[in-house]
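# Coordinate inspection notes
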Number of protein chains: 4
Amino acid sequence: MYLFRNDYSFAAHPQVLEAVARSSAEGNPGYGFDPHCEHAAALIRELAQAPKADVSFFIGGTSVNFTAIAAFLRPWEGVFCPHSGHVNGHESGAVEATGHKLLPLPAGPDGKLRPEQIEAAYPTYQDVHLVLPRLVYISQATETGGVYTKAELEALSAVCQKLHLFLFVDGARLGCALTSEGCDVTVADLARLTDAFTIGGTKNGALMGEALVIPDPALAEGLFRIKKQRGAVLAKGWLLGAQFEALLTDGLYFDLARHSNAMAQRLQSGLAEKGFSFAFPSPTNQIFPILPDQLLPELEKICAFEVWGPGPEVGQTVIRLVASFGTTEDDVEGLLQHFPTK
Amino acid sequence: MYLFRNDYSFAAHPQVLEAVARSSAEGNPGYGFDPHCEHAAALIRELAQAPKADVSFFIGGTSVNFTAIAAFLRPWEGVFCPHSGHVNGHESGAVEATGHKLLPLPAGPDGKLRPEQIEAAYPTYQDVHLVLPRLVYISQATETGGVYTKAELEALSAVCQKLHLFLFVDGARLGCALTSEGCDVTVADLARLTDAFTIGGTKNGALMGEALVIPDPALAEGLFRIKKQRGAVLAKGWLLGAQFEALLTDGLYFDLARHSNAMAQRLQSGLAEKGFSFAFPSPTNQIFPILPDQLLPELEKICAFEVWGPGPEVGQTVIRLVASFGTTEDDVEGLLQHFPTK
Amino acid sequence: MYLFRNDYSFAAHPQVLEAVARSSAEGNPGYGFDPHCEHAAALIRELAQAPKADVSFFIGGTSVNFTAIAAFLRPWEGVFCPHSGHVNGHESGAVEATGHKLLPLPAGPDGKLRPEQIEAAYPTYQDVHLVLPRLVYISQATETGGVYTKAELEALSAVCQKLHLFLFVDGARLGCALTSEGCDVTVADLARLTDAFTIGGTKNGALMGEALVIPDPALAEGLFRIKKQRGAVLAKGWLLGAQFEALLTDGLYFDLARHSNAMAQRLQSGLAEKGFSFAFPSPTNQIFPILPDQLLPELEKICAFEVWGPGPEVGQTVIRLVASFGTTEDDVEGLLQHFPTK
Amino acid sequence: MYLFRNDYSFAAHPQVLEAVARSSAEGNPGYGFDPHCEHAAALIRELAQAPKADVSFFIGGTSVNFTAIAAFLRPWEGVFCPHSGHVNGHESGAVEATGHKLLPLPAGPDGKLRPEQIEAAYPTYQDVHLVLPRLVYISQATETGGVYTKAELEALSAVCQKLHLFLFVDGARLGCALTSEGCDVTVADLARLTDAFTIGGTKNGALMGEALVIPDPALAEGLFRIKKQRGAVLAKGWLLGAQFEALLTDGLYFDLARHSNAMAQRLQSGLAEKGFSFAFPSPTNQIFPILPDQLLPELEKICAFEVWGPGPEVGQTVIRLVASFGTTEDDVEGLLQHFPTK
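Being a predicted model, the structure only gives us computed values, none of them experimental.

Thresholds, definitions, all that
Counting restarts for each chain, with residues numbered from 1 along the sequence as it is written. Written order determines the labels here, with chains lettered from A and ligands numbered from 1. With pLDDT at 70 or above as the cut-off, local features in this predicted model cover only qualifying residues; side-chain atom pairs require 80 or more to be listed or tallied, and sums for whole chains, interfaces and linings still use all residues. For the side-chain quantities, the full set of heavy atoms in the structure was used; hydrogens and water were omitted. For the purposes of this entry, the term helix denotes a DSSP run of H or I that reaches at least four residues, the term strand denotes a run of E that reaches at least two, and both are numbered from the N terminus. A radius of gyration in this sense is built from C-alpha atoms; the matching globule rule multiplies 2.2 Å by the number of residues raised to 0.38. The classification of residues rests on relative accessible area computed with a 1.4 Å probe and restricted to protein chains. Under 20% of the type maximum is buried, over 50% is exposed, and intermediate values are partly exposed. Between two residues, a contact is recorded if the distance between any of their heavy atoms is within 4.5 Å. A 1.4 Å probe and the Shrake-Rupley method give the accessible areas. Residues count as covered only by the protein chains that appear here. The charge count includes Lys and Arg as positive and Asp and Glu as negative, but it does not include His or the ends of the chains. Where a charge lies is defined by one atom per residue type, namely NZ (Lys), CZ (Arg), CG (Asp) and CD (Glu). By convention in these notes, a salt bridge is any Lys or Arg side-chain nitrogen within 4 Å of a carboxyl oxygen on Asp or Glu. Copies overlap after least-squares fitting; the atoms used are the C-alpha atoms of residues with pLDDT of at least 70 in both. Here the quantity called buried area is the accessible surface, traced with a 1.4 Å probe, that two parts lose on coming together, added over both. Identification of polar contacts relies on pairs of N or O atoms within 3.5 Å, with a donor-acceptor requirement for protein atoms, meaning one able to donate a hydrogen and the other able to accept it, and with residues adjacent in sequence counted only if both atoms are side-chain atoms. Each residue gets one label: Ala, Val, Leu, Ile, Met, Phe, Trp, Tyr, Cys and Pro are nonpolar, Asp, Glu, Lys and Arg are charged, and the others, such as Gly, are polar. UniProt positions are given in the numbering used here, feature names are shortened, and annotations may be inferred rather than shown by experiment. Stacked, tilted and edge-to-face are the three classes assigned to paired rings of Phe, Tyr and Trp, where Trp is represented by its six-membered ring and a pair needs centres within 6.5 Å; plane angles under 30 degrees give stacked, over 60 edge-to-face, the rest tilted. Lysine NZ or arginine CZ positioned within 6 Å of the ring centre and within 35 degrees of the ring normal marks a charge as sitting over the ring. By the convention used here, strands pair only if DSSP detects at least 2 bridges between them. All axes are obtained by fitting lines to C-alpha atoms, using only the stretch in contact for helices, and the reported angles, taken between N-to-C directions, cover 0 to 180 degrees. Whenever a pair of cysteine sulfur atoms sits within 2.5 Å, that pair is classed as a disulfide.

Looking now at the overall build of chain A. Each helix and strand counted, chain A has 14 helices and 13 strands in total. For chain A, whose C-alpha radius of gyration is 20 Å, the value lies close to the compact-globule estimate of 20 Å for 342 residues. Projected onto the principal axes, the alpha-carbon positions of chain A cover approximately 55 × 55 × 35 Å. Per-residue burial for chain A yields a buried fraction of 68% across its 342 residues. A separation threshold of at least 6 residues defines the contact pool for chain A, and within that pool the share at least 24 residues apart is 73%. With the model as given, the accessible surface of chain A reaches about 11,600 Å², and the carbon-plus-sulfur share is 53%. Here chain A carries 25 positive and 38 negative side-chain charges, and the mean point of each set is 4 Å from the other.

Evaluation of the coordinates by the stated rule reveals 56 salt bridges over all chains. When the shortest N-O distance is used, the salt bridge between Glu152(A) and Lys112(A) registers 2.8 Å. Here the residue Glu152(A) occupies a position in helix 7 (residues 150–162), and Lys112(A) occupies one in the loop between strand 4 (102–105) and helix 6 (115–121), the gap between them amounting to 40 residues. The exposure class assigned to Glu152(A) is partly exposed, which follows from its relative accessible area of 31%. The class of Lys112(A) is buried, set by a relative accessible area of 11%. In this structure, the salt-bridge partner of Arg258(D) is Asp255(D), at a minimum N-O distance of 3.0 Å. With Arg258(D) and Asp255(D) both in helix 12 (residues 252–273) and three residues apart, this pair spans about one turn of that helix.

Under the fitted operation, chain D is carried onto chain A by 0.0 Å of movement along the axis and a turn of 180 degrees, and the coordinates agree to an RMSD of 0.0 Å. Those values place the two copies in the arrangement expected of a two-fold rotation axis. Within chain D, Arg74(D) has its C-alpha nearest the rotation axis, a separation of 3.5 Å. Of the interface residues in chain D, 100% have counterparts in chain A that sit at the interface too, so the contact is made through matching surfaces.

Counting residues at the interface gives 24 residues for chain D, matched by 24 residues for chain A. Interface area, chain D with chain A, both sides summed: about 2,100 Å², of which 54% is carbon and sulfur. When the area that chain D buries against chain A is broken down by residue, the three leading residues are Trp76(D), His129(D) and Arg225(D), summing to 38%. Joining chain D to chain A, the criterion identifies zero salt bridges. The tally of links between chain D and chain A comes to 14 residue pairs in polar contact (both at pLDDT 80 or more). Those elements that place two or more of their residues in the side of chain D that touches chain A are helix 3 (61–72) and helix 10 (223–229) of chain D. Here the element with the most residues in the side of chain D that touches chain A is helix 10 of chain D; it accounts for five residues. Looking at the side of chain D that touches chain A residue by residue, the class counts come to 14 nonpolar, four polar and six charged.

Quick look at the UniProt feature "domain: Aromatic amino acid beta-eliminating lyase/threonine aldolase" (unreviewed entry) in chain A now. As recorded in UniProt, the sites labelled "domain: Aromatic amino acid beta-eliminating lyase/threonine aldolase" (unreviewed entry) are residues 26–288 of chain A. Helix makes up 40% of residues 26–288 of chain A and strand 15%, whereas the separation of the span's terminal C-alpha atoms amounts to 45 Å.

Moving on, we come to the packing of aromatic side chains. This structure, assessed with the given rule, holds 40 aromatic pairs over all chains. For the pair Phe276(A) and Phe339(A), a centre-to-centre distance of 5.6 Å together with 80 degrees between the ring planes defines the contact as edge-to-face. Taken together, the residues Phe276(A) in the loop between helix 12 (252–273) and strand 9 (286–287) and Phe339(A) in the segment after helix 14 (329–337) connect sequence positions 63 residues apart. Judged by its relative accessible area of 4%, Phe276(A) is buried. You can call Phe339(A) buried: its relative accessible area is 4%. A ring pair is formed by Tyr253(C) and Phe254(C), whose centres lie 5.3 Å apart and whose planes are at 90 degrees; its orientation type is edge-to-face. For Tyr253(C), a relative accessible area of 2% puts it in the buried group. Classification of Phe254(C) as buried rests on a relative accessible area of 17%. One aromatic cluster is present, formed by Phe280(A), Phe288(A) and Trp308(A) through successive ring pairs. Between Arg134(A) and the ring centre of Phe166(A), over which it is positioned, the NZ or CZ distance is 4.1 Å. When the ring centre of Tyr148(D) is taken as reference, the NZ or CZ atom of Lys112(D) above it lies at 5.7 Å.

The next point concerns the interface of chain B and chain A. Tallying the contact residues gives 39 residues for chain B and 39 residues for chain A. Both faces considered, chain B and chain A share a buried interface measuring about 3,200 Å² in area, 62% of it formed by carbon and sulfur atoms. A per-residue breakdown of the area chain B buries against chain A is headed by Tyr8(B), Gln229(B) and Lys236(B), which together make up 19% of the total. On inspection of chain B and its partner chain A, the count reaches zero salt bridges. Counting across the chain B and chain A interface gives 20 residue pairs in polar contact (both at pLDDT 80 or more). Mapped onto the side of chain B that touches chain A, the elements with two or more residues apiece are helix 1 (14–23), helix 3 (61–72), helix 5 (94–97), helix 10 (223–229) and helix 11 (238–247) of chain B. In the side of chain B that touches chain A, the residues fall into 21 nonpolar, twelve polar and six charged.

Before going further, it helps to examine the environment of Arg230(A). Inspection of the secondary structure puts Arg230(A) in the loop between helix 10 (223–229) and helix 11 (238–247). For Arg230(A), the contacting residues outside a window of four places in its chain are Phe66(A), Thr67(A), Thr98(A), Phe66(B), Ala97(B), Arg230(B) and Pro75(D).

On to the environment of Thr194(A), then. All names here are of chain A. By the element assignment, Thr194 lies in the loop between helix 9 (187–193) and strand 7 (196–200). Beyond its immediate sequence surroundings of up to four residues, Thr194 is in contact with Leu167, Val169 and Pro215. A distance of 2.8 Å separates the side chain of Thr194 from the backbone oxygen of Leu190, its partner in a polar contact. In terms of polar contacts, Thr194 uses its side chain to reach the backbone amide nitrogen of Ala196, at 3.4 Å.

Residues and elements named next belong to chain B. Strand order in the open sheet formed by seven strands is 2-8-7-6-5-3-4, and the pairing between neighbours is mixed. Strands with a single pairing partner mark the edges of an open sheet, and in this sheet they are strand 2 (54–58) and strand 4 (102–105). Strand after strand, the sheet turns through a mean of 20 degrees between neighbouring axes, direction not considered. Strand contacts of helix 11: strand 2, strand 7 (196–200) and strand 8 (210–214), with the helix running at about 110 degrees to strand 2, the strand carrying the most contacts.

Two cysteines, two sulfur atoms, one covalent bond between them: this is a disulfide. Residue and element names in this part refer to chain D. Using the criterion set out here, one finds zero disulfides over all chains in the structure. This cysteine, Cys160, is not joined by any disulfide, and Cys81 carries the nearest cysteine sulfur, 13 Å off. Looking at Cys160, the relative accessible area reads 2%, which means it is buried. The thiol of Cys183 is not disulfide-bonded; the next cysteine sulfur, from Cys176, is found 11 Å away. The exposure class of Cys183 is buried, given its relative accessible area of 18%.

All names here are of chain D. The strand order across the open sheet built from seven strands is 2-8-7-6-5-3-4, with neighbouring strands paired in mixed fashion. At either margin of the open sheet sits one strand with a lone partner, and together these are strand 2 (54–58) and strand 4 (102–105). Strand-to-strand twist across the sheet, computed as the mean angle between neighbouring axes with direction ignored, equals 20 degrees. In this structure, strand 6 (residues 166–170) lies alongside strand 7 (residues 196–200), joined through two bridges in parallel fashion.

What follows is about helix 14 of chain A. Turning to helix 14 of chain A, its buried residues number three or more, namely Val332(A), Gly334(A), Leu335(A) and Leu336(A). Considering only its buried residues, helix 14 of chain A is in contact with strand 1 (2–3), helix 12, helix 13 (296–302) and strand 11 (303–304) of chain A.

Residues and elements named next belong to chain D. Of note, Lys227 is situated in helix 10. Buried and unpaired, Lys227 has Asp54 as its nearest opposite-charge partner, separated by 8.0 Å. Residues contacting Lys227, with those up to four places away along its chain left out, are Ser56, Phe57, Phe58, Thr67, Ala232 and Val233.

Below you can see the structure in the form of structure tokens.
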């Protein structure tokens, strides 16, 4: 079987596994108050050029998203997000379960929110019978593989500042976004332009783990207590620190992401050469080919993938193929050979 | 340094680490829908003699406690627990954050709740201006190392059935309880007598992981959705399954617990021989010696431990010493030598 | 000033005020456990031909909506509603504040949800990473004055039964809906076709008060406790019962609603005669004329109304004019005279 | 029947009822944005000597308590309260339903919290695995009729300031407290010494209504939105304003409270003269005589009262007798005659 279902089918890069094993017998303090977390946080602060940033480690994406949002907001405040955002469509109502209303806005096929949308939607909420929008949630990369440029982030950041909105970036696939072709955004840009962002480890070489970066530590007040309250504190917290240390050593994190992108893009080119087109333009590790329905039964036998939805024409289906740090060139070439030339 | 601060200072037993590493490149499905979780669940069902039980895996104790409680209860329902229960005293208001009121009852120094307490407290809550008690939370072993006997669990179970209360057992230290000297309780007893219980991996040889066992699967309705909603679904869920597989192979889980108990009991006997007494009687891996305050500064230099509170007399302090799978006889003997004979 | 801003500008019909005053010195038991509430509930059960129905009284619409929804649902369950539904657009995130996700569906200009929409949306939510839809919220009449016919309600009810969804009808303006021209729905139909519905008093002659009717009393389990918990139990609960007794005596409730409709429809006809058109077709007590923007400044000086939004063409605005039990023919005729013939 | 069960058995003082009736046809704006609420708020600001205070009106005590607490706190923050406090014992877990943990402290028979208790309890919560105490809830008068002196409030206020805790006073029976014999506290003292307090109307002459006073308006940020969200905004909000206007005109509010106290104290003296003693010393409108059990069956036939709990000796019961604005001297004298001289 070719495994292109997602980017969390393989556990961890060998260097990450070794770091975990190495730490096993050290006898570390619990809950993230340990030298590994401290060192990993320092590496992230350096990368972010944000020497005062609060950096903490969470186990998974849903957990870090709703915990951070709940930590930042007051009960009457709501969240602008793209309709296709992970918090809206894939987290089983996690944000609402903390009591906050999501205010989804339609986004284009690239999954990106535009500042004009926020400016247009905001005035409605001056009506005090509604929640007050107070945070904008976006993802870098988006659910459909889109990547915000620096100019786009700067424009979003500006409108957020103007309207007194926090800007939160879900970086579950941050590595793939930042290493995608043409992307001019750095971790330091995120620290400069957002109120909080995550650096995803789960989908990029770690067993599990998302780093939450809050450039202004004042905003992190009470964060540990709410992490604990929401079940997000790992007893053996250094396991997260040790993994991020490994990922952030010698640029491993970005190398793995670059590899994932390269594999997906090679698959995309190969399919394009064979005449297939794509539902969304994606420069990252997820691609969305449009297939004639009759190809699916055969494909399912040899490849794990996800059905994304109906294609633009009757008889077509959009599927998602995802590459990860564990995908090989042989996987790509092997899979390509099963596709006919249209 | 002698490390007796807690039982989560060492990452994982080598066999567990190997299982994780072995699974790394397998390409497993996500979210716990994989062969490792399936097999680990089957092993647990067998151990529990509960062939229909719903078994799922969580990352940590706080997370499994509040998610299960929130899954079982309606909004107007509350939870009886010992005042010293982990949900009441160490989880940053996690149960209340799901909207449910805890109704703490005083427990003895062994941390155990007695059926008479529940029967005595229940009638008050027939007043419809109060929450309706619907679940009893206990721990096996308790926070102070106490262990319920089979007869005690049967009596609690009977009163719960009579009063239409769920019985939930937090088994963060279940291994140490069940292997403690004189304990006549088995996993199958728990499955027979409770509505849900956990089997703790974090404090007994796993990187992380608690198994939630719900003997009647009807009670597990909606459980995956609420797990996801509360951030408790691990993307690479098989990591939990693989660890429990390792722990449940050839009785490793119970061997590790037995070892932890033996180390702690040896320390306890040694201290008793030197004339020290103990705040709570504990047959498990946590012991609570009463020390003269003047010993503390010296002890802190060579040993990691926790101050539990003031001792029974002025000038005394109760400390907690915890042994784990990683504690050696040398650790115990070495530490003992630093204690004077009283 | 002509008062057409809403239907809660006048306190209460004289007979309702008298009933309140009469009850003042009686010395009633608190919290709704009194003869007035009992009698009012009996009158409603009779009207609903639902002899076992649970009937309770709430102070306001937001309160009864979210309390009932929170009482009915488990934490992982969500709510289908029209995008324009009151719970989604006018209640400051009240349902989300109870932890439940709303799943808004687009509705036509009449504000009505159609069974096909529910059937089309439902399958997506078989994905266990999403909330499970479990309740359909609709309003009778809708926010834009629309009224469901008996056939429409039967079709909705059928799809709800098929998909295991509760059907909840917000009847804040139930009187106006049921007495509107051409409406073939009765209170008994609602009891037969829904799981719960409200009978609004606030907008139809009461100081305040909404009756919640739950035809199958098994669904009302725990209701009083959650009412209390959400601040919805009035200490002097009989005040609500006494008002509903007055409203339900000799058909006063329906007479007031009929009057409100008549006044609004007269205004609508008058405006139509003058050449104005309307944003939504409304047979009830709210009408939505489309005005040229230049009329607004003058109108604001003599009439209280609400701006609903931009009209279909540039330079036009939709306004809302609402009649109530306190609106007189003189009000209508007087206001009409201020409108020019187009 | 003599009605001494509670202080909400009679609807409203005639002047309050008249104010409501008078306002009925005025055509007021909704939701509390009306001249009556504005005027009532101004009267309260004057009484409180707090010209900038935010004053808003709620329907009931549970509602105002949890809404204010939820508005003030962040998710990881908890509430010190007396174990006997209304929020802990009579509100069906309302505060916990907003996600916040109550941290009950034992109080004396007078129901009063002492600053030393707060100082002693606080340090425990520096442990970041616990919630952070951030608000102290007390009642004036307490559940057992106790009244804080000015010196006691000043001491509590000082410890709250020192520990960065909000001080919130539940004034459901504020009138009776402030007019009780020997009480040296004024409304202005409350405004000076607390962060928020309520002035209860429901138990002192109003149909319903509690005024929430927040001396520093910065703390009231977002309050209307959360009021709406929690179902606490009355559509016909002026009904609350009009009632408080009536109560605050010519000191009616305090006259009614003084009357309630006088009636209860007369009953207390009469019972004392007959040889009965009392469970708690109460200078307010609630008294707690200790009766031999054999008196109860006879008493129940002629008097509505509440059983408070077992008396200090076997065969004794503590009951609660409450006087209100509607209690007459004849009621008191008549009831007294039914008690034997011991």
